[in-house]
Structure formats: C-alpha cells, structure tokens
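One-letter residues, chain by chain:
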Amino acid sequence: MTARMPLLELRKVDKSFGPIDVLHEISLKVHAGEVLCLLGDNGAGKSTLIKTLAGVHQPTRGEILMDGQPVAFANPREASDRGIATVHQFGGTYPLMSIGRNFFVGAEPTRGWGPFKVFDRKKANEIAVKAVRDFGITRIDDGDRLVGGLSGGERQSLAIARAVYFGARVLILDEPTAALGVKQAAHVLRIVNEAKKRGLAVIFITHQVMHAMAVGDHFAVLIRGAVAADFRKGEKTREQIADLMAGGESMVSLEASIEGYMERHKGHVPPPAH
Amino acid sequence: MSTPSHGRSPGLSLGAFARRPEAGSLVGLFLVFAFFAVLGGPVFVGAPGWSSWLNIAAEVGIVALPVGLLMIAGELDISVGAVIPASQMTAAIVSGFHGLPAPAGIACGLGVGLAVGFVNGYLVTRTAISSLIITIGTMFSVMGLTLGFAVLVAGSTSVSLVPDPVTKLLLGTFIGGMFNVSMFWWAAFAVAIFYLLHVSPIGNWIFALGGDRESARNAGVPTSRLTIALYMLSGFAAAFVGILQVATYTSAQVATGQPFIFNSIMCVVIGGVLLTGGAGSVAGIVIGTMTFAIVNQGIFFSGLDPNVGSVIIGALLLAAVLSNDTFRALALKHAARRGNRGEER
C-alpha cells in the first residue's frame, strides 16, 4: 500500500435521522486512480452514505477529508464545486432533449453579448460528442440526437463523461449497472476503467459482485450501516464476497436449502422466512 | 444503411421535419382551415373570416405562450382565468373610476398579474402541492378579491375606462375596423418567447426543469427562481390580455377570464407540448392557437350548430395527444436506430 494521501477519506462518520442511526463509524479511503466498490444489500446504508458524500446529508459525527483537509458540504452544489460528482442510474439525463443540450444543462455555452445571449448549439454538440467518444462510445456521432434514443449504458456514459468534463475528481456511481443487460453493463464498466485511468477516484456502488470484481481495486461491504469488511483486490473470492453481503449467511447453504425444499415439495419454493 | 448520417443538421430534411411533433399540428391546422374554408365559403377565407379568428387567436395566444412554457417546465397555471379580469378591473378602477392617467392604471393592472404569478411560483416551489391545485386556489382567491373590491370601491361589477387616444391606438384599435392590434402584440410575445425558449440558454433550463427537476437542480439550474419567473411571466401575459380587453371594449367586467383557462391549455396541447413536461416548441403553440381559433370562429361562418365546434375541439385535442405520442416515439426510435447503425460500422 502506498503512503499517498487519499483523495477522499471518511473518518468514523455516523449519520442518524432523529433516533434512528443509519451509519455507524464509517471509515473509508479512496485514492486518485482507484475504484472503491461499495457493496451491500438493499437497506445496508449505501444510499445514505453516498448522499452524505454528495452533500445531501451532513454527517452527525465524524469527518470527511479531501486531500487531507476536513471539508463540510452544506448542499450538493458545494460538493460538486469541490469535484464530487454523483451519477445516478438514469439521473442527469433528459430523454427528450438532445445530447448537446443534455450535456450542458446549467452550464450552457453561449454566443453573443449582454442580455442577448444565444445558446451555442454547434459548440455544445461538438464538445459533448467529443467528450463521449473519448470515453470509447463511438456510436454517438450526432449531438442533436435525443438522449431517450440511447441505451441505458450510453446514458450512463454520457452522464459520466459530463461529470468528468466539468472537473469531477471523485466520481460516485450509484448502481450504474443495476438496470442494464450484460452487454450494456460491460459498456459502463469500460467507462469506469477509463475514468480510473484518467486519475479519478471512483466510488462504485453496486450489489452485483461480478461487476464490482471487474473494476474494483478496493472493496468495502456495508451491513446495517457499518463497514463489515474492507479488503483489496484479490484478497477474497466472489463467493466469500457474496456471503459477506448476505449478512454472513452462506449463499451456498441458502441455495442448497432452497433446492432441498423444492425436491421435497414437488418443485415449489419455500415460503419466505420472517 | 447506404447513406452515412454524419453532420446532417436537423430541420432541413423532410424526414427530420416529419418526426417533429409540430408536423402533426401543422397538418391539423391545414385540415381544419380547409374544412371551414369549404363550409364557410368566401366570407371565411376573406378579411372578415381572417380577422375574426385572428382576433380570438391573439388574445388566447398571448396567454397560451407562457402557459406553454410552464407546461414544458412541468407545471400548470389555472389562475390566468382570474388574472385577466383582475388586471382589467384594477386598471379601470385606477384610471377610469379614480381618473388617474392610463399608464398608471395599466402599470397597476400588470402589477397585479406579476404579483399573482409570484404567489403561484412561491407556493409551487415551497410546497409539495401540485401546481394544478395551487393555481386553482389562487384563481378562486383572486376572483373573489376582484369581485369584492369592484363592488366595494366602484359599487359595481362593471367599471368603465375610456382610454386616451394613444392608449386606444396601441392597445385597443381595430385596424380597418376588423383586425385588432392585439395580433401584433401576440406576434411580439411569440418572438420574445421563441427567443427565450429556443435561442437563449434559459430555454435549456426550462426543458431540463420539465424533464427532471431534481437533476436540473443538481446541475446548477436555479429551479426555484426559474419557476417563479415563469409564473410571473404567465401572470404578466394574462394581465396584459386583460389590459388589451379593457382598452378595446372600454369597460372592465369581473367575469371575462374563465374560458381562457381551458382554451390556453388546449392551444398548447394541440400544439404538441407534452403534458408531463420536457418537450414542446413555440412554433407548435402558435400553430395550436391558430387551429383552436379557426375552429372556434369557423363554426359561425359554416352555419353548423355551435355545439359541433366543441365536439371538433375535443376531437382535435385527443387527436393531438395521440399524434404527439406517435411523433415522439418516432423521434426516439429514429435516434436509437441511427445509433445501432453506428455500431455496425
């Protein structure tokens, strides 16, 4: 492990909503040019954690450090000004707007002077198409195309390329592959690798172990709001990670018990446990 | 697959135009005009016909343009129906009843529109209540206040205002005895709002607001300020129509605005604006307004039962929504297909 300073670090971050504690003493580090995979089942606190990083929530206790300096974000805008960009599943793209217009929402390039500013469509399209193609999405060649006609993977790629273009240093990807098919997911994973190569710190949230293992350098498993495991690439197998995510209960034994039940009950699955 | 699609600019080719939602609206406009031209004969195709529907189109069109912007941004504004009488009553009380100069009354009338718009926008951005409910609420409040103040101050639900010649010339003259100057104001509004939506960077914010409010806010669009501004624009436009009416008819009535509520929404929807927000155009809104006005007035020239007019408007509305969906699906499919083609290369 290098002694470099992490780009983003959490030190014993707690988050409570009233009497309900959601996050417990979360300590994590992510370096530039590294992918940190946050794994966890639904309800493990992943969303709260990324919202805390993105400035939507403020930590109840503990601190967040960027480049070794403590930081506090009052709102998402402050976090993004510091270079923390969050890309949600389909967030940040508007299906009925063109690629060029999508790319520059909130930061439109203009021509003209004074109050008579003109949205520079040509420039917007050129930059947007180039930025997306630089990420390896060569299918996109016309900035006037509607985003709604793109595949889920391409929309993700567009959102990531946009974040990078506008100076993101930390990229938080919230389940970017969850709703995608195998090919589209591979697409997005390529983009994640490209972002990593460019020296971004990537926090990749997923519950798909395969996707995490394909790009991750560093893994953290969240269970009930706490970091249950923190390990580096190659230290654990896929099965071990899946077991960890399932809360310690072995997936293999779970599968075996379902199969055993089905054999005994004419192919019916067991009723859900309460 | 034969021709490469690089760098073709949109709007120039017939195919690209056919995929725009306005294409359907334009076809509808021609059909409706042809229908009434046949039934209404030379009178409808001549100056009397044109002036009658253009006068209607101008008034509803001035309201429909900013209401359309709001709908593209994903909001509705019902309160326009109360702002129109409120502004004309205010102007008539200030300038007619109290005898102040016309510009003072006009300024007060327009101020009422801006104020109602601000309240609408403020409530919509500060609460989670749908804008439909909020603006219905402000509509009833403003209507009640207008009636109450008119009776309280002037002792009547109708107040007269005799505008000075300049005001009359600019805001309430019939050119050639037929064409109301309001149509020039409509054109001016259309140009200004075209600039706002399609040329200036703010247009991008409006589309983004209707597409996904949360993402737009995260991208740095001042969503609350923009929403309030759009409501103020709609209040201003409705108030302006109120002023045009009082300058034309030299009398303010408390119940003149109701038809504008649904008529403006209908013009906007016939013009291809998506009810749920995120898509639409000024050209479409103008076409939708013309279509609506032609049906509305054509019925009188055709000798048909006026109730048939309502049936036609209703059918047009449904046809418009259906064709909008079809055109949108076509546009999206087209974008997807071109993408797949690109992958094969």
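Right above here is the structure, for reference.
Please read these numbers as outputs of a predicted model, since none were measured by experiment.

Once that is clear, we can look at the layout of surface pockets. Of the pockets and cavities examined, the second largest pocket occupies roughly 820 Å³. Surrounding the second largest pocket, 33 residues form its lining, Ser80, Thr86 and Arg162 of chain A together with Asn218 and Ala219 of chain B being those nearest its centre. If you tally residues by element for the lining of the second largest pocket, the top one is helix H2 (residues 76-81) of chain A, at five residues. In terms of residue class, the lining of the second largest pocket is built from 16 nonpolar, 11 polar and six charged.

A few words now on the sheet that holds strand E4 (residues 61-66) of chain A. All names here are of chain A. In spatial order, the strands read E2-E1-E4-E5; together these four strands make up an open sheet with antiparallel pairing. Unpaired on one side and paired on the other, strand E2 (20-30) and strand E5 (69-71) mark the two borders of the sheet. The sheet shows a mean angle of 35° between the axes of neighbouring strands, taken without regard to direction.

Another aspect to go through is the sheet that holds strand E3 (residues 34-40) of chain A. All names here are of chain A. Taken in spatial order, the six strands line up as E6-E9-E10-E3-E11-E12 in an open sheet, and their pairing is mixed. Unpaired on one side and paired on the other, strand E6 (84-87) and strand E12 (226-232) mark the two borders of the sheet. Each strand axis lies, on average, 20° off the axis of its neighbour in the sheet, ignoring direction. Bridge count between strand E9 (residues 170-174) and strand E10 (residues 201-206): five bridges; the pairing is parallel. Its bridge partner being in E10, Leu173 is matched across the sheet by Phe204. Relative to E6, helix H5 (residues 152-165) is tilted by about 170°, and along the sheet it contacts E6 and E9. Its contacts with the sheet place helix H6 (residues 182-197) against E3, E9 and E10, and it is angled at close to 155° to E10.

Turning next to the pairing of strand E11 (residues 218-223) of chain A. Residue and element names in this part refer to chain A. Counting buried positions along E11 yields six of six residues, so the element is predominantly enclosed. Burial along E11 is two-sided: the residues His218, Ala220 and Leu222 and Phe219, Val221 and Ile223 are all buried. Inspection of the sheet shows E3 paired to E11 by five bridges, in the parallel sense. Opposite Cys37, over in E11, you have Phe219 as the bridge partner. Across six bridges, the pairing between E11 and E12 is antiparallel. Note that in E12 the partner of Phe219 across the bridge is Phe231. Between E11 and E12, which pair antiparallel one after the other, the connecting turn spans two residues, and Arg224 there sits at a positive phi close to 45°.

Residues and elements named next belong to chain B. Compared with an ideal rise of 1.5 Å per residue, which puts 25 residues at 36 Å, helix H5 (residues 102-126) spans 36 Å between its outermost C-alpha atoms and is within 8% of the ideal. When H5 is considered as a whole, its buried residues turn out to be Ala102, Gly105, Ile106, Gly109, Leu110, Gly113, Val116, Gly117, Asn120, Gly121, Val124 and Thr125. Where the residues of H5 are buried, they touch helix H4 (80-97), helix H6 (131-154), helix H7 (165-171) and helix H11 (223-249).

Residues and elements named next belong to chain B. Together, Phe97, Leu145, Phe149, Leu152 and Val153 give the surface a local cluster of nonpolar side chains, amounting to about 510 Å² of exposed area. The leading source of residues in the nonpolar patch is H6, at four residues. Positionally, Phe97 belongs in helix H4.

All names here are of chain A. Helix length check: H6, at 16 residues, gives a terminal C-alpha distance of 23 Å against a target of 22 Å (1.5 Å per residue), a fit within 8%. Along H6, the positions that sit buried rather than exposed are Ala185, His187, Val188, Leu189, Ile191, Val192, Ala195 and Lys196. Contacts from the buried residues of H6 go to E3, H5, E9, E10 and helix H7 (209-215). Remark: Gly199 follows H6 within two positions and exhibits a positive phi of approximately 90°.

Criteria and cut-off values
- Residues numbered from 1 in each chain as written.
- Chains lettered and ligands numbered in written order.
- Predicted model: local features only at pLDDT ≥ 70, side-chain atom pairs only at ≥ 80, totals over all residues.
- Heavy atoms only, no water.
- 1 Å grid on protein atoms, 1.4 Å probe; cavity = no way out; pocket = protein on both sides within 12 Å on 5 of 7 lines; lining within 4 Å.
- Points joined across faces, edges and corners; volume = space filled by probe spheres on them.
- Helix = DSSP H or I, 4+ residues; strand = E, 2+ residues; numbered from the N terminus.
- Nonpolar A, V, L, I, M, F, W, Y, C, P; charged D, E, K, R; others polar.
- Pairing = 2+ DSSP bridges.
- Axes fitted to C-alpha atoms, helices over the stretch in contact; angles between N-to-C directions.
- Contact = heavy atoms within 4.5 Å.
- Buried < 20%, exposed > 50% of the residue type's maximum accessible area, 1.4 Å probe, protein only.
- Expected span 1.5 Å × (residues − 1).
- Patch = residues over 30% accessible without salt bridge, like charges linked within 9 Å, V, L, I, M, F, W, Y side chains within 5 Å.
- Areas by Shrake-Rupley, 256 points an atom, 1.4 Å probe, with all protein chains shown as cover.
- Salt bridge = Lys/Arg side-chain N within 4 Å of Asp/Glu carboxyl O.

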